[in-house]
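Examining the three-dimensional arrangement
Okay, here's what each chain looks like letter by letter:
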Number of protein chains: 2
Amino acid sequence: MKLCLLPLFLFCFLSSSSSHPHPFDPLTPSELSTIRSIITSSHLNVSSSLSFHYVGLDDPDKSTILSWSSSSPLPPRRAFAILRADRQTHELIIDITKASIISHHIYPGPAYPSFNNEEEAQAGLLPMNYKPFLESVRKRGAKIEDVVCTSYARGWFGEEKQNRRRAAVLCFVAGETANFYARPIEGVTITVDLDDMEIVEYRDRVVLSVPAAEGTEYMAARQRSPFGPRGNRVVVVQPEGKGFSIHGHMIRWANWDFHLAFDLRAGAVISLASINDTSATMAGRKSVLYRGFVSELFIPYMDPCEEWYFKTYMDAGEYGFGLLASPLEPTVDCPPNAEFMDGYYAAQNGETLRISNVFCIFERYAGDPSWRHTETLLPGEIITESREEVSLVVRMVSTVGNYDYMIDWEFKTTGTIKVSAGLTGILALKASTHTHTNQINTDEHGELVGRNTIAVYHDHFVTFHLDLDVAGPANSFVKANLKTVRSNSAHPTPRKSYWTVVRETAKTEADARIQLGSTASELLIVNNGVRTALGNAAGYRLVGSNAAATSLLSDDDYPQIRAAYTKKQLWVTPYNREEKWAAGLYADQSRGDDNLAQWSMRNRSIENTDIVLWYTVGFHHIPSQEDFPLMPMLTGGFELRPFNFFERNPLINTEPFNKVLSAQSTTQTSKMAQV
Amino acid sequence: MKLCLLPLFLFCFLSSSSSHPHPFDPLTPSELSTIRSIITSSHLNVSSSLSFHYVGLDDPDKSTILSWSSSSPLPPRRAFAILRADRQTHELIIDITKASIISHHIYPGPAYPSFNNEEEAQAGLLPMNYKPFLESVRKRGAKIEDVVCTSYARGWFGEEKQNRRRAAVLCFVAGETANFYARPIEGVTITVDLDDMEIVEYRDRVVLSVPAAEGTEYMAARQRSPFGPRGNRVVVVQPEGKGFSIHGHMIRWANWDFHLAFDLRAGAVISLASINDTSATMAGRKSVLYRGFVSELFIPYMDPCEEWYFKTYMDAGEYGFGLLASPLEPTVDCPPNAEFMDGYYAAQNGETLRISNVFCIFERYAGDPSWRHTETLLPGEIITESREEVSLVVRMVSTVGNYDYMIDWEFKTTGTIKVSAGLTGILALKASTHTHTNQINTDEHGELVGRNTIAVYHDHFVTFHLDLDVAGPANSFVKANLKTVRSNSAHPTPRKSYWTVVRETAKTEADARIQLGSTASELLIVNNGVRTALGNAAGYRLVGSNAAATSLLSDDDYPQIRAAYTKKQLWVTPYNREEKWAAGLYADQSRGDDNLAQWSMRNRSIENTDIVLWYTVGFHHIPSQEDFPLMPMLTGGFELRPFNFFERNPLINTEPFNKVLSAQSTTQTSKMAQV
């Protein structure tokens, strides 16, 4: 431990964070170290079973944050910690400055905190010395030294409360391929108790051969010709350097300001995103997003068999979406002009670990204009005006076992925030006897994507917590419904029909449980107290994408009860400091008593108050062979677009980024040349 | 005319097109010149009213194209021409090589060919000397020398057949702004006869002031501080040069080959897009898209008043989507690494005009990976493999009066074709007495976006003709429907439900009129005769986007009758050489007798045959102040993604574009560093 102190202190001294402290800054390595000391010297450490599951910032009250300025002292730094000790779940609030535990609560269940990496690794080693498993491996013709195991959440399927942190351990064979996920040990069910760290159930139901390694490798060094397509290099350079600046965790670029923090559960947390409006009538900095982050993921697989039915994962609440963040690889995960930021968290024993390059931040220019127009009707001149679109992207990747999720927060100078969830990595694959589709005559619950390999049908639901504060906290949610009107004799017209807009303000939560696409509507978040000079309420529009799947499971099915909110893409709740995690604070073995759908049932008022949007990006995935052995990125998301937030297009009086254009617009006199 | 011969011949000599001729090449300047000679020396030229409306390649038969190779002689070069002469519409087929008219047909109506630019310009001048109009301008406090007028299609609203090419002329005031569209002369209706080129109806119904010029300007040179947001330059460079090659009109890049041609009506036409598959089992070049292009646009406005009800435009069939293409501006409309191509067309008098830079072609790198994975579970190594996504974009912009449409065809090395329609430019604006929303108490059919300025509600429907030939012409359309299954006692499981896939092959056209989102389905185009080694039929998936609006007009409304196909996003028809234009060959004043919906009513067989998909990208547009005075790009589109077209992810054995990665993947041993 002593050896670690030096680099830690060095870091604190060098970190730019210390010179620009913000109440939303994530816990620093020094703070994490203090927290560990406080906890390990408390009575909780009498047991050898003390295990850290979550340590993060205990958010200051919203009123505290909103009244804080960089010239004020920081509000007290507090941490929220979830620990296991003596088969109990402990919730602590710690005052870091005072080095004291200010509250201690035991959560009685039925659910459990997220796994930590160390117990996942330990659980993965349990089968290695478990005789029945060695026999199962032998029967499948594999070598135990090639086997890799790891633990997975088992969900809840109506069992009585047992106070056992049960988890599944799934095993695979690596050997001649890095892609062991393509080589599952199928037919075996291993259940462990994570507190006791022992195998509590074992069954080898059906022996299936392990699929061959051939064709599964994805490592560049091991590829052989004929090689796949490639072109020439395309490189991004910034002759004047990066256009954004990072002050501690505050990022400034163009008209945007926002705070970026790392959280073990959510990953990237965007806070206090605001825009500097330079227009004469609405000039000043206006808030857009108080906080935005991935609240939960839900990935149900569609194979009801004994070894697969429970695979209905909640990647944030069960595993820690931030904990599983992957260090981003410069020039490939992010372009050459990216800047990187590290993340810190408390390991199982409370020690501080760093994930280097947990975020990257870069300016994106994809070659597109953000607006343009050619005017040919004015006598004697052809006008062409066009402005390049450059945006700022904040990226993280979380690798939850086989799958890699790429979450992008893209800030545009138009005021739009575009949020994307990209899915890549390796599918969950099931060993099969089939080598050709003509052998298949029953429902295999997936598609044959490789020899002896079924990629099982599944969904991905990525739920975002979006605490919008559009020009301030008092917002309303408005459905602008498009309604067809039949013309009538009171207003004679040759037209028989047209559509108009009927605005409907949601009064309570029930009015704002939205199934997209069921009616033609635009969804607005407006601040009726802040209006443009023309009288329009300052607003933002939520725009979905093709990735708008909702869950097809039955309402009474256990996984669906736990993730009931995935039946609608959108929910709106009044701001409540406790409502951060869509599947509940404790997701492992949860029973649906603490989730977004439950909260919404209280049907609280959501009009002209501080509201939170919960938007779920959803994918149904019917795999194809292109998804094997590793799938191309599949991206979906949503946009938050200003809607009367500005007096006019904020980019009209922006000069072109790359070129001063206008000089030539008056010289050309015809767009067509005679040949 | 003699003066023009030299540059024309020079072009032919220099053009790479001549050395790589292809049967799909657009008509060359030399061919256009020949066609003009043939027509002007024919009996059609006896009338002074001869007017060219369309000249384009008369496509060779599909069988001719499919059996053609670059070592074969070109099939006979033929042109299709639409002319007006003596108040009649003439259709000619011309054999260019033999310099002869091989067919001449008079189309009796009721509809009319698209306008040409010259008559639009002439019609726009008619009001300038029309006394009642001068009086209307005076009443509105404007100066006639600032007025700009142009012609618009009037549609059809149940009128009897009149044999009159009626068009509306709309007028605006420029003056201190280039943005005259923001300053309409409201309340006036001017109807012209385009054949007689005279005003046939005039009415000044209601005098509304012309909105002020202030705040409407978009030209960079005329902007004043405070300026809008900007950052540092982001520049794309290609150290080894461009990675694609252009041989005549064939473009080759990475695993893609395709032909790009310009057409006066469609704009960009992509033909014969095929992929080189390097996999061992399916090696070779496989066809994907025989032809793809914008077939029609439909933009109905939602104001039923006398001056607005008829505004239900069909931008390809009424105006020529290619004819109105704007020369692309290097470094802003397209990035610095773009290459450009010109387009040629016949003007009203048949002479050849060039649109320079009508297309740009560039390699896009937006900073994203196309696939990635981090593996932490293998003992002693952390693997990170990631590949940059570089794609090839073909772009054109068509400026149809106020609006600018940007059409991108993006080819990805994964095999995906992503097609985007971007909307920018200036909204259709209506003068109003209102300066504040609190003055509005009736339906204004739009939103107040500027002082005295209503942006009228409208839709954009961009319909694509997609003649897919997935691994050959014999294709079927399959709906892969996701169906929830309740578990039952025959297969006991703790799960109560799951979804599975029920495939339904469309037998006839009626089975393939698709409203997206009504059920959870994936839409596939498969070739049952070409299968992977695993037995899956080679296929492609059609994936929509959020821009999936369908028309809300009543079925019996005249504009809807004309564009009946806009009630569904997707139609599938058997290939028919005559069925190219979704709203019919003649769109101006059409009556819905010749359109996609009508063709589909024949309910032909579409199973295991050559089929064409028609996909409509749709937007409902409720404007906001950000759309004024010129709107930020709003983009929608669709993707065609391979689905068992490859044996596996074709990028697995592709090396990283920008960096050889793998060397370091074995050196790092932990993704987390202890602090």
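- As named in an unreviewed UniProt entry, chain A is Amine oxidase, taken from Dendrobium nobile.

**Quick look at the overall build of chain A**
- Broken down by element type, chain A carries eight helices and 32 strands.
- A globule of 675 residues ought to have a C-alpha radius of gyration of about 26 Å, and chain A, at 27 Å, matches this closely.
- By its C-alpha atoms, chain A is 90 × 70 × 60 Å across when sized along the principal axes.
- For chain A, the proportion of its 675 residues judged to be buried stands at 66%.
- Seen as two clouds, the 63 positive and the 76 negative side-chain charges of chain A have centres 3 Å apart.

**Some thoughts on empty space enclosed by the protein**
- On inspection of all chains with the given rule, the structure shows 16 cavities of 30 Å³ or more.
- Approximately 260 Å³ is the volume found for the largest cavity.
- Around the largest cavity sit 24 residues that line it, and L170(A), F172(A), P184(A), W308(A) and K311(A) are the ones nearest its centre.
- At the level of elements, β6 (166–173) and β7 (188–193) of chain A are the ones that each hand at least two residues to the lining of the largest cavity.
- For the lining of the largest cavity, the class distribution of residues is 18 nonpolar, three polar and three charged.
- Quantified by volume, the second largest cavity comes out at close to 210 Å³.
- Together, 22 residues line the second largest cavity, and Y54(B), G56(B), L57(B), F262(B) and D263(B) are the ones closest to its centre.

**A word on the UniProt feature "domain: Copper amine oxidase N3-terminal" (unreviewed entry) in chain A**
- In this numbering, the UniProt entry assigns the feature "domain: Copper amine oxidase N3-terminal" (unreviewed entry) to residues 115–207 of chain A.
- Summarising residues 115–207 of chain A: 19% helix, 30% strand, and an end-to-end C-alpha distance of 30 Å.

**Let's talk about the interface of chain A and chain B**
- Contact residues are listed per partner, giving 192 residues for chain A and 192 residues for chain B.
- Carbon and sulfur atoms supply 55% of the area that chain A and chain B bury against each other, a total of about 16,700 Å² over both sides.
- Where chain A touches chain B, the interface holds 16 salt bridges.
- Of the charged contacts in the structure, one is a salt bridge between R372(B) and D333(A), with a shortest N-O distance of 2.8 Å.
- The tally of links between chain A and chain B comes to 100 residue pairs in polar contact (both at pLDDT 80 or more).
- It is strand β17 (residues 352–375) of chain A that provides the largest number of residues to the side of chain A that touches chain B, a total of 19 residues.
- Of the residues in the side of chain A that touches chain B, the class split is 91 nonpolar, 61 polar and 40 charged.
- In this structure, strand β9 (residues 235–237) of chain A lies alongside strand β9 (residues 235–237) of chain B, joined through three bridges in antiparallel fashion.

**Concerning the pairing of strand β13 (residues 267–277) of chain B**
Residues and elements named next belong to chain B.
- By the criterion of burial, β13 is predominantly enclosed, with nine of the eleven residues buried.
- Here seven bridges tie strand β12 (residues 256–263) to β13, and the two strands are oriented antiparallel to one another. Its bridge partner being in β13, A261 is matched across the sheet by V269.
- Where β12 folds back on β13, the antiparallel hairpin that results is connected by three residues.
- Note: β13 against strand β14 (residues 284–300), eight bridges, orientation antiparallel. The partner of D277 across the bridge, within β14, is G284.

**Considerations on the pattern of salt bridges**
- Counted by the stated rule, this structure contains 106 salt bridges over all chains.
- Between R395(A) and D368(B) there is a salt bridge, and its shortest N-O distance comes to 2.4 Å. Here the residue R395(A) occupies a position in strand β18 (residues 383–400), and D368(B) occupies one in strand β17 (residues 352–375), the pair thus bridging two chains. Like R395(A), the residue D368(B) is buried in the burial classification.

**Some remarks on the packing of aromatic side chains**
- Scanning all chains against the criterion turns up 60 aromatic pairs over all chains.
- Consider the rings of F172(B) and F180(B), whose centres lie 5.7 Å apart with planes at 50°: the pair is tilted. Across this residue pair, the class does not change: F172(B) and F180(B) are buried.
- Between Y301(B) and Y313(B), the ring centres sit 6.2 Å apart and the planes meet at 65°, which makes this aromatic pair edge-to-face. Taken as a pair, Y301(B) in the loop between β14 and β15 (312–313) and Y313(B) in strand β15 lie far apart in primary sequence, twelve residues in all. In terms of burial, Y301(B) and Y313(B) fall into one category: buried.
- A network of ring pairs unites the aromatic residues F115(A), Y152(A), Y301(A), W308(A), Y313(A) and Y319(A) as a single cluster.
- Just above the ring of Y575(A) sits the side chain of K62(A); from NZ or CZ to the centre is 4.7 Å.

**Topic: the relation of the copies chain A and chain B**
- When chain A is brought onto chain B, the operation consists of a screw motion whose angular component is 180° and whose axial shift is 0.0 Å, with 0.0 Å RMSD remaining. Expressed as a symmetry operation, the mapping of one chain copy onto the other fits a two-fold axis.
- Both copies present the same face, since 100% of the interface residues in chain A are matched by interface residues at the equivalent positions in chain B.

**Side note on the sheet that holds strand β22 (residues 446–450) of chain A**
Residues and elements named next belong to chain A.
- Strand order in the open sheet made by the three strands is β21-β23-β22, with antiparallel pairing throughout. Each end of this open sheet is capped by a strand with a single partner; those strands are β21 (429–431) and β22. Taking the axes of each pair of neighbouring strands and ignoring which way they run, one obtains an average angle of 40° across the sheet.

**Focus on the UniProt feature "active site" (unreviewed entry) in chain A**
Residue and element names in this part refer to chain A.
- Taken from the UniProt record, the annotation "active site" (unreviewed entry) applies to D315 and Y403. A compact arrangement is adopted by the annotated residues: their sequence extent is 89 residues, whereas the largest C-alpha distance between any two is 10.3 Å.
- Tracing the chain through its elements places D315 in helix α6 (residues 315–319).
- Those residues in contact with D315 that lie beyond four places of it in its chain are E296, L297, I299, G320, F321, V400 and Y405.

Scoring rules and cut-offs
Residues numbered from 1 in each chain as written. Chains lettered and ligands numbered in written order. Predicted model: local features only at pLDDT ≥ 70, side-chain atom pairs only at ≥ 80, totals over all residues. Heavy atoms only, no water. Helix = DSSP H or I, 4+ residues; strand = E, 2+ residues; numbered from the N terminus. Rg over C-alpha atoms; globule rule 2.2 N^0.38 Å. Buried < 20%, exposed > 50% of the residue type's maximum accessible area, 1.4 Å probe, protein only. Lys, Arg positive; Asp, Glu negative; His and termini not counted. Charge placed at Lys NZ, Arg CZ, Asp CG, Glu CD. 1 Å grid on protein atoms, 1.4 Å probe; cavity = no way out; pocket = protein on both sides within 12 Å on 5 of 7 lines; lining within 4 Å. Points joined across faces, edges and corners; volume = space filled by probe spheres on them. Nonpolar A, V, L, I, M, F, W, Y, C, P; charged D, E, K, R; others polar. UniProt positions renumbered as here; feature names shortened; annotations may be inferred. Contact = heavy atoms within 4.5 Å. Buried area = accessible area lost by both parts, 1.4 Å probe. Salt bridge = Lys/Arg side-chain N within 4 Å of Asp/Glu carboxyl O. Polar contact = N/O pair within 3.5 Å; in protein donor to acceptor, adjacent residues only side chain to side chain. Pairing = 2+ DSSP bridges. Phe/Tyr/Trp six-rings, centres within 6.5 Å; stacked < 30°, edge-to-face > 60°. Lys NZ or Arg CZ within 6 Å of the ring centre and 35° of its normal. Least-squares fit on C-alpha atoms with pLDDT ≥ 70 in both. Axes fitted to C-alpha atoms, helices over the stretch in contact; angles between N-to-C directions.

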